Amino acid sequence: MQESYILNEGYNSQNLISHSSGAHIYIRNKKYLDLSNCAGSQILGHNNLIIKKCLKDLSKKKISNYANPNIHAIEFSKTLKKVIPNFSKFVFCNSGSESIMKALRICRALTKKEIIINASGSWHGSLNETLYNADKNLNNLSLSDGLPNDTKNKIKFIPYGNIKKSKKILDKFKSKTCCILLEPIQGSLPNIANINYIRFLQDYAKKNNLIFFLDEMITGLRDEGKSFQTNNNIKSDISVFGKAFGGGFPLGVIAISPKIYSKLKKKKLKIFFGGTFSGNSINMYVANKVTSYLTKHKIIYSSLKKKTLKFSNTINKFSEKKNLDIKVYSYCSMARIVFSNRTINNRSQRDFFEKKNNSKIQNFQNFIKQNKIFYPKNGIIFFSNAFTNKDLSFLIKVFKEGLNKYF
Ligand SMILES: Cc1ncc(COP(=O)(O)O)c(C=O)c1O
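Here's a quick rundown of the structure. Since we're looking at a predicted model, the values are computed, not measured. (Residues numbered from 1 in each chain as written. Predicted model: local features only at pLDDT ≥ 70, side-chain atom pairs only at ≥ 80, totals over all residues. Heavy atoms only, no water.)

**Looking at the pairing of strand E5 (residues 115-119)**
Inference 1: In terms of residue burial, E5 counts as a mostly covered element, since five of its five residues are buried.
Inference 2: Where burial is concerned, the two faces of E5 agree: the one with Ile 115, Ile 117 and Ala 119 and the one with Ile 116 and Asn 118 are both buried. (Buried < 20%, exposed > 50% of the residue type's maximum accessible area, 1.4 Å probe, protein only. Helix = DSSP H or I, 4+ residues; strand = E, 2+ residues; numbered from the N terminus.)

**Digging into helix H4 (residues 96-111)**
Inference 1: The terminal C-alpha atoms of H4, which comprises 16 residues, lie 22 Å apart, in line with the 22 Å expected from a rise of 1.5 Å per residue.
Inference 2: The buried fraction of H4 amounts to 13 of the 16 residues, a majority that puts the element mostly inside the structure.
Inference 3: At the N-terminal boundary of H4, the capping side chain belongs to Ser 95, with an oxygen 3.4 Å from the backbone nitrogen of Ser 97.
Inference 4: Just past H4, the residue Lys 112 takes up positive phi, approximately 60°. (Expected span 1.5 Å × (residues − 1). Polar contact = N/O pair within 3.5 Å; in protein donor to acceptor, adjacent residues only side chain to side chain.)

**Structural notes on the nonpolar core**
For soluble globular proteins, nonpolar side chains are generally found buried alongside one another.
Inference 1: Ranked by size, the top nonpolar core spans 59 residues in total, and within it Phe 76, Phe 311, Phe 339, Phe 383, Leu 395 and Phe 399 carry the most contacts.
Inference 2: When residues of this core are assigned to domains, at least three map to each of domain 1 (13-48 + 297-406) and domain 2 (50-296).
Inference 3: Beyond its immediate chain neighbours, meaning those up to four positions away, Phe 383 contacts Asn 37, Leu 304, Thr 308, Phe 311, Ser 333, Ala 335, Leu 392 and Leu 395.
Inference 4: Core analysis: the second largest hydrophobic core is formed by 29 residues, Ile 158, Ile 218, Phe 228 and Phe 382 among them. (Core = buried A, V, L, I, M, F, W, Y, C linked by side-chain atoms within 4.5 Å. Domains from an automatic or database assignment. Contact = heavy atoms within 4.5 Å.)

**Notes on the sheet that holds strand E1 (residues 17-21)**
Inference 1: Taken together, the four strands give an open sheet; going across it, the order is E1-E2-E3-E15, and neighbouring strands pair in mixed fashion. Of all strands in the sheet, those with a lone pairing partner are E1 and strand E15 (373-374), marking the two edges.
Inference 2: For E1 and strand E2 (residues 24-27), the ladder comprises four bridges, and the chain directions are antiparallel. In the sheet register, His 19 faces E2, and the bridge partner there is Tyr 26. (Pairing = 2+ DSSP bridges.)

**Examining a positive patch on the surface**
Inference 1: A cluster of like positive charges, contributed by Lys 52, Lys 56, Lys 60, Lys 61, Lys 82, Lys 289 and Lys 296, occupies part of the molecular surface.
Inference 2: Of all elements in the fold, only helix H2 (49-60) and helix H9 (281-296) reach the threshold of two or more residues within the positive patch.
Inference 3: Among the elements that make up the positive patch, the one with the highest residue count is H2 (three residues).
Inference 4: For Lys 60, the location among the structural elements is in helix H2. (Patch = residues over 30% accessible without salt bridge, like charges linked within 9 Å, V, L, I, M, F, W, Y side chains within 5 Å. Areas by Shrake-Rupley, 256 points an atom, 1.4 Å probe, with all protein chains shown as cover. Salt bridge = Lys/Arg side-chain N within 4 Å of Asp/Glu carboxyl O. Lys, Arg positive; Asp, Glu negative; His and termini not counted. Charge placed at Lys NZ, Arg CZ, Asp CG, Glu CD.)

**Quick word on the packing of aromatic side chains**
Inference 1: Applying the stated criterion across every chain, the model contains 17 aromatic pairs.
Inference 2: Where Phe 339 meets Phe 407, the ring centres are 5.2 Å apart and the plane angle is 25°; that geometry is what we call stacked. Remark: Phe 407 occurs in the segment after helix H13 (389-406) and Phe 339 occurs in the loop between strand E14 (334-338) and helix H11 (347-355); sequence separation between them is 68 residues. Comparing Phe 339 with Phe 407 shows no difference in burial state: the two are buried. (Phe/Tyr/Trp six-rings, centres within 6.5 Å; stacked < 30°, edge-to-face > 60°.)

**What to know about the side chain of Asn 357**
Inference 1: Inspection of the secondary structure assignment puts Asn 357 in the loop between H11 and helix H12 (358-370).
Inference 2: Once residues lying within four places of it in the same chain are set aside, the contact partners of Asn 357 are Asp 325, Phe 339 and Phe 407.

**Section: the pattern of salt bridges**
Inference 1: Taken as a whole and judged by the stated rule, the model has 15 salt bridges.
Inference 2: Two residues, Asp 150 and Lys 154, come together in a salt bridge whose shortest N-O distance is 3.3 Å.
Inference 3: You can call Asp 150 partly exposed: its relative accessible area is 42%.
Inference 4: Here Arg 347 makes a salt bridge to Asp 351, at a shortest N to O gap of 3.3 Å. Of this pair, Arg 347 and Asp 351 both sit in helix H11, four residues apart, roughly one helical turn.
Inference 5: Three or more residues are tied together by salt bridges with common partners; here these are Arg 347, Arg 350, Asp 351 and Glu 354.

**Points about the site of the ligand**
Inference 1: Every residue lining the ligand is accounted for by Ser 95, Gly 96, Ser 97, Ile 100, Trp 123, His 124, Gly 125, Glu 183, Asp 215, Met 217, Ile 218 and Lys 243.
Inference 2: Taking Ser 97, its side chain carries an N or O atom lying 2.6 Å from an oxygen atom of the ligand.
Inference 3: In this structure, Trp 123 approaches the ligand through a main-chain N or O atom, which is 3.2 Å from a nitrogen atom.
Inference 4: Bound to the protein, the ligand loses 80% of the 390 Å² it would expose on its own.
Inference 5: The leading source of residues in the shell around the ligand is H4, at three residues.
Inference 6: Classifying every residue of the shell around the ligand by side-chain character gives four nonpolar, five polar and three charged. (Near = heavy atom within 4 Å. Nonpolar A, V, L, I, M, F, W, Y, C, P; charged D, E, K, R; others polar.)

**As for unusual backbone geometry**
Inference 1: If you check the backbone angles, Asn 209 has positive phi at about 60° while not being a glycine.
Inference 2: Checked against the element boundaries, Asn 209 lands in the loop between helix H6 (195-207) and strand E10 (211-215).
Inference 3: Positive phi is not limited to glycine here, since Glu 224 has a value of about 55°.
Inference 4: Mapped onto the elements of the fold, Glu 224 is located in the loop between E10 and helix H7 (228-232).

**Some points on the sheet that holds strand E9 (residues 177-182)**
Inference 1: Overall, mixed pairing links the seven strands, which are arranged E4-E12-E11-E10-E9-E5-E8 in an open sheet. Both outer strands of the open sheet, strand E4 (89-93) and strand E8 (155-158), are each paired with one neighbouring strand and no more. Each neighbouring strand pair of the sheet contributes to a mean axis angle of 20°, computed without reference to strand direction.
Inference 2: Sheet topology places strand E11 (residues 238-242) next to strand E12 (residues 252-256); five bridges connect them, and they run antiparallel. Bridging from a neighbouring strand, Val 240 pairs with Ile 254 of E12.
Inference 3: Running over the sheet, helix H5 (residues 163-173) touches E5, E8 and E9 and is turned about 155° from E8. (Axes fitted to C-alpha atoms, helices over the stretch in contact; angles between N-to-C directions.)

In structure tokens:
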């Protein structure tokens, strides 16, 4: 086996992707149906016409990167203001993790408090502050070596969906808390949102002067070309976006509400946001074109929703008929197979029930790969507009065969 010079936990010399087109990626010149779509960033599919046009434009319009303010960041922020109208100011970053790290800096600066209340089962990227999972007793489990000692004590988990238990924990820590952070729909269990729970947290934060922080990295631009909060009449104080807005180019956006912005101005706080590639012209130009296109072509969303529902409904009916120990959860264009048919309400229950099926899961995943389907390591399936009905029928056929064989 050839050595890699890249230190990457996902490295396997047999799995290196070389190129892509539409709904497919290529590994060692073999074509695979891609279920990752750049972890949900490529709603239009790989090398789509918008991206191709952008790449031509960049050369024709002589757009480069400058590490300084530019008109493309302003243009993109004007488009963003229409798509996520609850916010008045945007800070541009290059990843979701960077935007969350800097948004937490704002939360601490404004409140002078440091505890982050986090809904269990959420994922917020690779920053030190959030690289923890909750175990079934809501104790913090570190997800990496090398985290600073003090971050562990500064994140407290509340059980996603459980208002009574969450309130108890919130009451205990509210005097030291800067923000309540959660994904409105969790990639770990994408399902119908628990709107009552999200509203409870929104209202609790408002009443107790805590910052209500929604992580919309996945949900932003995923439902009808809007955000989760716009569609559900939820108002966060601060939010982060990225993924689909960038169309496969690196992007993180901190969106700041007028209320938070006026506090920031009044307090004259000195918060550092900058970076060489923050709001860089190339990403801003592409993000503006992709976002404008997606918001104008709503038909893409209805078609994607239909395909995702067909996938989840067909597999769930098949599973019920055959009494298989699996269930598909889905939201808009994302889906996840949970390898247990028990009623599951949160990630720690999911992990607990899936554990006994670990070897079956491995066999199933190998079978999927042998059938030229790329199934992402984190288990979150994202459909793209490049997926044809033929691709979908093929996917359903292979999944049925694999599930029947191993479950
Ligand atoms: C909900 C959520 N937040 C944050 C992140 C981190 O984003 P990034 O990987 O761009 O740093 C992700 C990435 O998958 C995510 O799904």
